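The residues making up each chain are set out below.
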Amino acid sequence: MSSSRVIPLYDARRVVTSPALQLLPEGALVADQLGRPLRDLRISVTDRCNFRCGYCMPKQVFDKHHQFLPHAELLSFEEITRLARVFVGLGVEKLRITGGEPTLRRGLEDLIAMLAELRTPDGRELDLTLTTNGSLLTRKAAALKAAGLKRLTVSLDGLDDAVFQRMNDVGFPVSDVLDGIQAARDAGLGPIKVNMVVQRGVNDDQVLPMARHFRGSGVVLRFIEFMDVGATNGWRMDQVLPSAELLQRLQAEFPLVPLSASAPGETAERWGYADGAGEIGLISSVTQAFCGDCNRARLSTEGQLYTCLFATRGHDLRTLLRGPAAASDEQLAGAVAGVWGQRADRYSQLRGSGIELPADERRVEMHYIGG
Ligand code: SAM
Ligand code: SF4
Ligand code: SF4
């Protein structure tokens, strides 16, 4: 990631108050150009991973020659916590720790403990969660729970070892991820969600086995459409299994009924098993854009703020944290509010609309800004 792609921060003193800022949604402290509040912050704590999922970090690109960020470039736990506090002051209620593989970051439980202390301006606890490939959970779940983590999401793309090992591309076995999920449950983390990215012709034969496996277990299985995020995963529309088709396949075996959304801006459409054996989620990022109420900001491993998963540019917050010209918390809040106030991103909506999208710049990679 070259820093030349990062544009300077808006100078909060020069930010023109957008009309949207006068139309704040109920309880919101800032709103973007489309009136969307800032509620959810995803924090990438490492750009490294022990898997090489082809849709995220293909082995051919992320090989031994790839230069990951040196440790000094990463935000420290103190810096992350300070920024998180500023975001919470602006309306963020949910923090998701991600990566790369977040459990590879040494001492992650110390960060969790620091973030678990934060409270909303009216004194409520935050929804603090983690997305992981599950590979280290048998070792780490108990410590994460003890540090204050409440729940987590584990990614798992199939139950058949041959399929899963082809997808993670490092030969990691399914049983170890299932053991990790069990360790998380034993530690008292919950509710647990399992994310499955579905690629037609690659792992779509795993949809029904996965549904059968997790049905009735208390784990919420969510199917994610293969997304054109980043610039290295060779995305093709014909590899996307539209959620509508996936739902038909599920319905043929298990009657499902629609459930209401759990929160505004929630990415998954919820469906319940008609016999009461739990629920599944459909994340239709490609076929049904959910930009309209997207309230998510992303903080990269090295402290760049991204206002969309498909952004090509970040806003440098780290410079405001470090060095002689370090900003006060109020100045940081002004800078973040300024960026959010200018936000007009709605990539997924535009993708389906026929409007031409800028193609000249490389989009940022998912493992760098976090899923
Ligand atoms: N390593 C952790 C993991 O895999 O859960 C956290 C980071 S990963 C980037 C976060 C989520 O993004 C995972 O659930 C992953 O499956 C999803 N993801 C990555 N690339 C994707 C793509 N091209 N399309 C859809 N989902 C993707
Ligand atoms: Fe690693 Fe997660 Fe990306 Fe897979 S999806 S390569 S586990 S960061
Ligand atoms: Fe949010 Fe950007 Fe995804 Fe739309 S495309 S839902 S604005 S992250």
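Below you will find a few notes about this structure. (Residues numbered from 1 in each chain as written. Chains lettered and ligands numbered in written order. Predicted model: local features only at pLDDT ≥ 70, side-chain atom pairs only at ≥ 80, totals over all residues. Heavy atoms only, no water.)

1. Comments concerning the site of ligand 2
Thinking step 1. The local shell around ligand 2 consists of C49, F51, C53, Y55, C56, M57, G100 and N133.
Thinking step 2. Here the shell around ligand 2 is composed, by residue class, of six nonpolar, two polar and no charged. (Near = heavy atom within 4 Å. Nonpolar A, V, L, I, M, F, W, Y, C, P; charged D, E, K, R; others polar.)

2. Side note on the pattern of salt bridges
Thinking step 1. Enumeration according to the criterion identifies 21 salt bridges in this entry.
Thinking step 2. E79 is the salt-bridge partner of R322, the closest N and O atoms lying 2.7 Å from each other. Pair noted here: R322 is in the loop between helix 8 (318-321) and helix 9 (329-342) and E79 is in helix 1 (residues 77-89), with a separation of 243 residues, a long-range link.
Thinking step 3. Assessed through its relative accessible area of 13%, E79 is described here as buried.
Thinking step 4. Put simply, R236 and D238 hold a salt bridge, and the shortest N to O gap is 3.0 Å.
Thinking step 5. When its relative accessible area of 43% is taken as the criterion, R236 is described as partly exposed.
Thinking step 6. In this structure D238 comes out as partly exposed when scored by relative accessible area, which is 47%.
Thinking step 7. Here the salt bridges share partners, and the residues they tie into one network are D32, R36, R343 and D345. (Salt bridge = Lys/Arg side-chain N within 4 Å of Asp/Glu carboxyl O. Helix = DSSP H or I, 4+ residues; strand = E, 2+ residues; numbered from the N terminus. Buried < 20%, exposed > 50% of the residue type's maximum accessible area, 1.4 Å probe, protein only.)

3. Details of the site of ligand 3
Thinking step 1. Around ligand 3, the structure places F290, C291, C294, R296, R298, C308, L309, F310, R343, D345, Y347 and S348.
Thinking step 2. Looking at the shell around ligand 3, the elements with two or more residues in it are strand 10 (296-299) and helix 10 (347-351).
Thinking step 3. The residue makeup of the shell around ligand 3, split by class, is seven nonpolar, one polar and four charged.

4. What to know about the packing of helix 1 against helix 9
How two helices pack is summed up by the angle between their axes together with the distance between the axes.
Thinking step 1. One way to put it is that helix 1 packs onto helix 9 with a least axis distance of 9 Å and a crossing angle of 65 degrees. Relative to helix 9, helix 1 is oriented so that their crossing is right-handed. Residue-level contacts link R82, L83, V86 and F87 of helix 1 to D329, L332, A333 and V336 of helix 9.
Thinking step 2. Tallied by class, the residues present in the contact of helix 1 with helix 9 amount to six nonpolar, no polar and two charged. (Axes fitted to C-alpha atoms, helices over the stretch in contact; angles between N-to-C directions. Left-handed = near helix turned anticlockwise from the far one by under 90°. Contact = heavy atoms within 4.5 Å.)

5. Notes on the nonpolar core
Thinking step 1. L38, F87, L95, I97, L152 and F223 are the most contacted members of the largest nonpolar core, which totals 103 residues.
Thinking step 2. The element best represented in this core is helix 1, accounting for seven residues.
Thinking step 3. In this structure F223 touches M196, V198, V207, L246, L250, I280, G281, L282 and I283, once residues within four positions along its chain are discounted. (Core = buried A, V, L, I, M, F, W, Y, C linked by side-chain atoms within 4.5 Å.)

6. Here we look at the environment of V197
Thinking step 1. One can find V197 in strand 5 (residues 192-198).
Thinking step 2. For V197 and F226, which are 29 residues apart along the polypeptide, the C-alpha to C-alpha distance reads 5.9 Å.
Thinking step 3. The residues touching V197, leaving out its near neighbours within four places in the chain, are Y55, D157, M167, N203, I224 and F226.

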